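# Structural features, examined
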Amino acid sequence: MTLPLIITICALILIAYVFDITSRHTKVPTVIFLLVIGWVLKQLIAVFDLQVVNLMPLLPIFGTLGLILIVLEGGLELEVNKQKKPLIKKAVLSALFPLIALATILSVSLHFFTGAKLIDCLINVVPFCVISSAIAIPSVQNLGREKKEQVIYESSMSDIIGVVLFDFLINNEVINLGSFVHFGIELAIMLVVSLIASIGLAFLIKKIEHHVKLVPIMMMIVLIYAVAKAYHLPALLFILIFGLFLNNLDEFKQFSFIRYLKPKILDVEIHRFTRLVGEAAFLIRTIFFILFGYSIDINDLFDLQALPYSIGIFVCVLLVRLVQLKITKEKLLPMLFIAPRGLITIMLFLSIPIGAKLTLVNEPMVLQLIILSILVMMTGLVVNKEGKEIN
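This text gives an overview of the structure that appears in the document. (Residues numbered from 1 in each chain as written. Predicted model: local features only at pLDDT ≥ 70, side-chain atom pairs only at ≥ 80, totals over all residues. Heavy atoms only, no water.)

## Details of the packing of aromatic side chains
According to the stated counting rule, one finds eight aromatic pairs in the structure shown. Measuring from centroid to centroid gives 6.1 Å for Tyr17 and Phe282, while their planes differ by 80 degrees, and the two rings are edge-to-face. A residue pair is termed long-range when its members are at least 10 positions apart, and Tyr17 in helix H1 (residues 2–26) and Phe282 in helix H12 (residues 263–295) qualify at 265 residues. A ring pair is formed by Phe168 and Phe180, whose centres lie 5.2 Å apart and whose planes are at 35 degrees; its orientation type is tilted. Of this pair, Phe168 sits in helix H7 (residues 145–170) while Phe180 sits in helix H8 (residues 177–207), placing them twelve residues apart in sequence. A residue is classified by how much of its surface remains accessible, and Phe180, at 48% relative accessible area, is partly exposed. A network of ring pairs unites the aromatic residues Phe168, Phe180 and Phe183 as a single cluster. (Phe/Tyr/Trp six-rings, centres within 6.5 Å; stacked < 30°, edge-to-face > 60°. Helix = DSSP H or I, 4+ residues; strand = E, 2+ residues; numbered from the N terminus. Buried < 20%, exposed > 50% of the residue type's maximum accessible area, 1.4 Å probe, protein only.)

Below, the structure written as structure tokens:
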């Protein structure tokens, strides 16, 4: 059983790699292929009546690791300087206001239809309001540099804001002034921890001379994230800050401790670290979406009871995004359609407390919304392939 399993895993990863390469030309997001691979694998196991251990407990683990690596990869690609300030500001606002608007519209609608508590409705709809950086970032590699950077910033910030908002809601049964004060304190603590940890990890990258040092650094990053998460701190903020810090050391040369790190020498190690993060992100993302495809019940995909709600939610997503792009005077294509739901949607949905779960928000709705958003994004990118832009 060991050898067939090794062969299967290696073959699946290599097939995913081929799809990842060809997706740059076909404009078909790799995640579509990965979901299909996972689903086909499940059918083959059933046909040949093979005994396989339950893989579903691994889904949240790979999802969490994937989220950390994808946000870190995004941070390591982004430059923070005066020239980028307008782009950063626009991307942050593009992540924040649509998320708030969508959460408000969807939660009020859900409250109207179900009569459930408004805070429970908010908890249930936030997973649908977040752009998935795990899908958006790999899908825009052929766009211009400015649009690509905007998608990286916007989707990364959407992930972080969405997770922070979700954690805030599930940790506060009653929202009042005290809740916001407590949240502000947590945010301040996380910012301080992030800065200290970023400097410390950068120092270790420079100082450690052992031939194995980048993997231990990766483990420290995951450990800091997990500990911060255990204390209900906005841990994903640390991941983004660390990535931005490493990639923008030259912007902090005026500080003596930065000069001590010798940025020019450290840049070589940071380049190696960036490549390691990219490779690891590809591997973890691939495993996650294959596992998710494996978990798909085809009946959920065609659940006619959930389908009208899924379509309705996505129509709201597009309308809010349309308004946002009009306000910011952005080109509609392809940006209107680059709003996929994916890894973060699944992770937050699985994290909804049992006491807050609403029956109307279920697995078929999540699956349908993810597939629908990916297909629409794919259509937008294919249209953009011809170089068309619409105001």
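## Section: the pattern of salt bridges
Between side chains of opposite charge, a pair can form when the charged atoms approach closely. Tallied over the entire structure, the rule returns five salt bridges. Among the ionic pairs, Glu269 bridges to Lys213, the shortest N-O distance being 3.5 Å. Here Lys213 lies in the loop between H8 and helix H9 (214–230) and Glu269 lies in helix H12, a separation of 56 residues in the sequence. Taken individually, Glu269 and Lys213 each receive the classification buried, so the pair is uniform in this respect. With a closest N to O distance of 2.8 Å, Glu269 and Arg272 form a salt bridge. Separated by three residues within a single helix, Glu269 and Arg272 lie in helix H12, roughly one turn from each other. According to the relative accessible area criterion, Glu269 is buried, its value standing at 18%. (Salt bridge = Lys/Arg side-chain N within 4 Å of Asp/Glu carboxyl O.)

## Some words on empty space enclosed by the protein
Within the structure shown, the criterion is met by two cavities of 30 Å³ or more. Taken as a whole, the largest cavity holds about 120 Å³ of empty space. In terms of lining residues, the largest cavity is bounded by 14 residues, among which Asp20, Thr30, Val31, Pro138 and Arg285 are the most central. Breaking the lining of the largest cavity down by element, the ones donating at least two residues are H1, helix H2 (30–47), helix H6 (133–139) and H12. (1 Å grid on protein atoms, 1.4 Å probe; cavity = no way out; pocket = protein on both sides within 12 Å on 5 of 7 lines; lining within 4 Å. Points joined across faces, edges and corners; volume = space filled by probe spheres on them.)

## Focus: the layout of surface pockets
Looking at the largest pocket, its volume works out to about 690 Å³. Along the walls of the largest pocket sit 21 residues, with Leu5, Thr8, Ile9, Leu41 and Leu55 positioned nearest its centre. For the lining of the largest pocket, the element with the highest residue contribution is H1, accounting for six residues. A class-by-class count of the residues in the lining of the largest pocket yields 19 nonpolar, two polar and no charged. Taken together, 26 residues make up the lining of the second largest pocket; nearest its centre are Asp20, Arg24, Glu73, Gln141 and Arg285. (Nonpolar A, V, L, I, M, F, W, Y, C, P; charged D, E, K, R; others polar.)

## With respect to unusual backbone geometry
A cis amide bond, omega 0 degrees, links Leu333 with the succeeding residue Pro334. Its location among the elements puts Pro334 in the loop between helix H14 (307–327) and helix H15 (343–350). The residue Asp49 is not glycine, and still its phi comes out positive at about 50 degrees. Along the chain, Asp49 falls in the loop between H2 and helix H3 (58–77). On the accessibility criterion, Asp49 (59% relative accessible area) is exposed. Unusually for a residue other than glycine, Lys329 sits at a positive phi of about 60 degrees. Here Lys329 falls in the exposed class, since its relative accessible area comes to 76%.

## Focus on H7
The terminal C-alpha atoms of H7 lie 37 Å apart, and with 26 residues this matches the ideal 38 Å at 1.5 Å per residue to within 8%. Summarising burial for H7: 21 of the 26 residues are buried, a large majority. (Expected span 1.5 Å × (residues − 1).)

## A closer look at the nonpolar core
Counting residues in hydrophobic clusters, the biggest one holds 127 residues, and the most contacted among them are Ile221, Ile239, Phe242, Leu246, Phe273, Phe289 and Ile338. Among all residues touching Phe273, those that are not within four sequence positions of it are Leu72, Leu76, Leu214, Ile217, Met218, Ile221, Phe242 and Leu246. (Core = buried A, V, L, I, M, F, W, Y, C linked by side-chain atoms within 4.5 Å. Contact = heavy atoms within 4.5 Å.)

## Focus: the packing of H3 against H15
With their axes 10 Å apart at the nearest point, H3 and H15 run at an angle of 135 degrees to one another. Classified by the interaxial angle, the pair formed by H3 and H15 is oblique. Where H3 crosses over H15, the handedness of that crossing is left-handed. Side by side, H3 and H15 meet where Leu59, Pro60, Gly63, Thr64, Gly66, Leu67 and Ile70 of the first sit next to Leu343, Ile344, Ile346, Met347 and Leu350 of the second. Residues belonging to the contact of H3 with H15 are distributed by class as follows: nine nonpolar, three polar and no charged. (Axes fitted to C-alpha atoms, helices over the stretch in contact; angles between N-to-C directions. Parallel < 35°, antiparallel > 145°, perpendicular 65-115°, else oblique. Left-handed = near helix turned anticlockwise from the far one by under 90°.)

## Things to note about helix H4 (residues 85–114)
A rise of 1.5 Å per residue sets the reference length of H4, with its 30 residues, at 44 Å; its end C-alpha atoms lie 43 Å apart and thus fit the reference within 8%. Within the span of H4, buried status applies to Leu87, Ile88, Ala91, Ser94, Ala95, Pro98, Leu99, Leu102, Ala103, Leu106, Ser107 and Leu110.

## Some details on the packing of H7 against helix H10 (residues 235–247)
One can describe the packing of H7 onto H10 by two numbers: an axis separation of 8 Å at closest approach and a directional angle of 155 degrees. One finds that H7 runs roughly antiparallel with respect to H10. For H7 against H10, the interelement crossing comes out left-handed. Note on element contacts: H10 touches H7 through Leu236, Leu237 and Leu240, opposite Met157, Asp159, Ile160 and Val163. Taken together, the residues of the contact of H7 with H10 break down into six nonpolar, no polar and one charged.

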